[in-house]
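# Descriptive analysis of the structure
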Amino acid sequence: MTTPGQRTACALATAAALLLPAPALAVPAAVASTSYHVDNRPGSGCTDAGAGTQQQPWCTFAPVNARTYTAGDKILLARGAAWAQGMTLRGSGTAGNRIELSAYGSGAKPRILKGAAHIGIELINASHWTVNNLEVDGSGTQKLIWGIRARYDGAAGIGHQDLNFSSLSLHHNHMGVYVAGNAEPAAGQWGIKGLTMNAIEGTHNEVSIAFGANGLPRTFIQDVVLSRLEINDDDGEPTVYKDCPNSITLQSMTRVTVVDSLISHAGGCNTPTGTTGIYLGHVDDVDITNNIIAYTQQSGSPDQSGVNYEGWTRDVAVRGNLITGNVRWGVALQGIHEGGPNTAVTVESNAIAYNGQPPIAALGSEAHSDGVIRDNLWEGTSLTTVVSGGSFDGLAISGNPGPATGGRIWYAARDFATGQGVYGWRYQYSGDAGATWADLSYQQVDESWRPSAGALPVIKKWHWHPAGSPSGYVAKAWTAPRDGTVAIRGQAAKTDLGGDGVRVRIQHNGSQVMAAKTLGASDRVGVPTNVDSLTVKAGDTLRFILDPGSAGANSHDTTSWTPVIGYLN
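Residues numbered from 1 in each chain as written. Predicted model: local features only at pLDDT ≥ 70, side-chain atom pairs only at ≥ 80, totals over all residues. Heavy atoms only, no water.

### Describing the pattern of salt bridges
Quick note on the threshold: By definition here, a salt bridge exists when the distance from a side-chain nitrogen of Lys or Arg to a carboxyl oxygen of Asp or Glu is within 4 Å. Only DSSP runs of H or I with at least four residues qualify as helices, and only runs of E with at least two residues qualify as strands; both kinds are numbered from the N terminus onward. Whether a residue is buried, partly exposed or exposed follows from its accessible area with a 1.4 Å probe, protein chains only, as a fraction of its type maximum: under 20%, in between, or over 50%, in that order.
A full pass over the atoms with the stated rule returns 24 salt bridges. Residue Asp-547 is joined to Arg-505 by a salt bridge in which the shortest nitrogen-to-oxygen separation is 2.6 Å. Residue Asp-547 is found in strand 46 (residues 541–547), and its partner Arg-505 is found in strand 42 (residues 502–508); the two are separated by 42 residues along the sequence. Taking the relative accessible area as the measure of exposure, Asp-547 reaches 0% and is therefore buried. Linked by salt bridges that have partners in common, Glu-122, Arg-149, Arg-151 and Asp-153 make up one network.

So this is what it looks like as structure tokens:
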């Protein structure tokens, strides 16, 4: 069992170096709105003495590191090239004129490899930056400690905004990407606000994504959206630098969304203080919605759970997820830190099934949790278990159907396939408000189901979008493989904020079993889509329907919804 703060310290032990003051360097300012190109491949004609144009690019990161960037600047790395160097970036853009680190040309993503530095890319006190289309490979004799690190230090580290990471491949690092700092924001201040990570691939790191550090306030990092992450096999391969506590560490944060993501096979090397897929500590107002959190590994460590409420959390909700295959519990509510309870916990509308031990555990007697556990589909001998004096006395537990039977549940995102009928799912659309339905066609170019290439409506693995008329519906339809009683769970939430909202409903053989529910234009939390008990016959159809709302406008209608179905007999 961990001692107060011990596990957090273990997860972010290398933060000690981060909390040293940033050196004061005199660097020349760059000319505004300039694109700098870097290409070290044979035949590129590169020189570090030039201006970094596409015709005569820089060879190394030395001239990149010697500049402070301003609004509109771009640092562009040649696709197909690789550098065993570290990059240090300074400067801030504006809301309407960001700074970008990205790729140019054709071919594979530019690669940043382990060289003499312990950091692949470092951003210091950065606002209004985009970092995308890169690969950071930390493998080597001694791996990169941080693939990417964004630090907010000293008085200059307060009040920053707008940092975006997307389309990145981060692997074989101690930490794939890490955001923290040593700034000391006062009440009402922050280090960085408005941070997004989208389409990040992390594999064979020890920790793929981490935020915060011991001693930082929970307001240090604010307004964060993590979406379409693909995190796999965090095992520290080939040589472990420290340990593998969590695939995602959420700490020192307020207002966070994790949505439409896979977090699988965390904790692949021994960590004395425990392992989990998603770690939560010193955070407020977090929504973990519509993700697969699975297969935290057997490494001889404590915990080995899917989601771990470590302590000092408020208003953290876990909704609409598939939490499965973890060595021990699906969700762990830690009560092991005196003065560090988990308050206003919400665990609802999930499928928590086929884990090694009961779905939800309360551990320790120092600080019991409060909140609600409701409407979860579960499998096992019991929904809850207590360990080392744990208690559920402060939690209202209701409406949780189970145990699921038959050795399988159907979760639409996990089951997403390139053929109609796989795992019983079909991908369909209607132009007449559901009176008739036709199958969509699979589009390999963007891994989607559509009427034709580029057309609406569209269904992808995690999210979908209706057509642009009041009668333009789109649906995922599931065919029952046998007679029995099923429970349906899910959470529908907007992922593209704006527009006029959408509606969701569920039909059984054309008859409505969940009336239409409206999602508002910016409803990122969403609505539950639950049916407690429904008798089906083999061959029956359950249709999960999304429409653009009564006005029929289809802008900003992208919606996350991954229904789950399980038999109860």
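Resuming the write-up.
### Examining the side chain of Ser-301
Stated precisely, the cut-off is as follows: The definition of a polar contact used here is a pair of N or O atoms within 3.5 Å, where within protein one atom must be able to donate a hydrogen and the other to accept one, and adjacent residues in sequence count solely through side-chain atom pairs. Here, residues are in contact when the closest pair of their heavy atoms is within 4.5 Å.
Positionally, Ser-301 belongs in the loop between strand 20 (292–294) and strand 21 (303–319). From its side chain, Ser-301 meets the backbone nitrogen of Thr-271 in a polar contact 2.8 Å long. In this view, Ser-301 contacts Cys-269, Asn-270, Thr-271, Gly-274 and Thr-275; residues no more than four positions away in its chain are not counted.

### Thoughts on the sheet that holds strand 43 (residues 511–519)
The condition is simple: DSSP-based pairing: two strands are paired if at least 2 bridges between them are found.
Within the open sheet, the six strands sit side by side as 34-33-39-46-42-43. Their pairing is antiparallel. Each edge of the sheet is formed by a strand with only one pairing partner; in this case those strands are strand 34 (438–439) and strand 43. Sheet topology places strand 33 (residues 425–430) next to strand 39 (residues 473–479); six bridges connect them, and they run antiparallel. Directly across from Trp-425, in strand 39, lies its bridge partner Trp-478.

### Brief notes about the nonpolar core
Rules: Think of a nonpolar core as a cluster: buried Ala, Val, Leu, Ile, Met, Phe, Trp, Tyr and Cys residues, connected wherever their side-chain atoms sit within 4.5 Å.
In this structure, Leu-123, Met-197, Phe-211 and Leu-250 are the most contacted members of the largest nonpolar core, which totals 87 residues. Leu-440, Trp-449, Trp-464 and Val-536 belong to the second largest nonpolar core, which has 30 residues in total.

### A look at the state of the cysteines
Note the following rule: Two cysteine sulfurs form a disulfide in these notes if their separation is within 2.5 Å.
Throughout the structure, instances matching the rule amount to two disulfides. The disulfide that involves Cys-46 links it to Cys-59, with 2.1 Å between the sulfurs. Disulfide Cys-46 to Cys-59: torsion about the S-S bond roughly 100 degrees, handedness right-handed. Note that Cys-46 is positioned in the loop between strand 1 (35–38) and helix 3 (62–65) and Cys-59 in the loop between strand 1 and helix 3, a separation of 13 residues in sequence. Under the relative-accessibility criterion, Cys-59 is labelled buried at 17%. Linked covalently through their sulfurs, Cys-244 and Cys-269 form a disulfide whose S-S length is 2.0 Å. One disulfide, between Cys-244 and Cys-269, carries an S-S torsion of 105 degrees and so falls in the right-handed class. Taken together, the positions of Cys-244 in the loop between strand 16 (230–232) and strand 17 (246–259) and Cys-269 in the loop between strand 18 (262–264) and strand 19 (275–289) put the pair 25 residues apart, joining distant regions of the chain.

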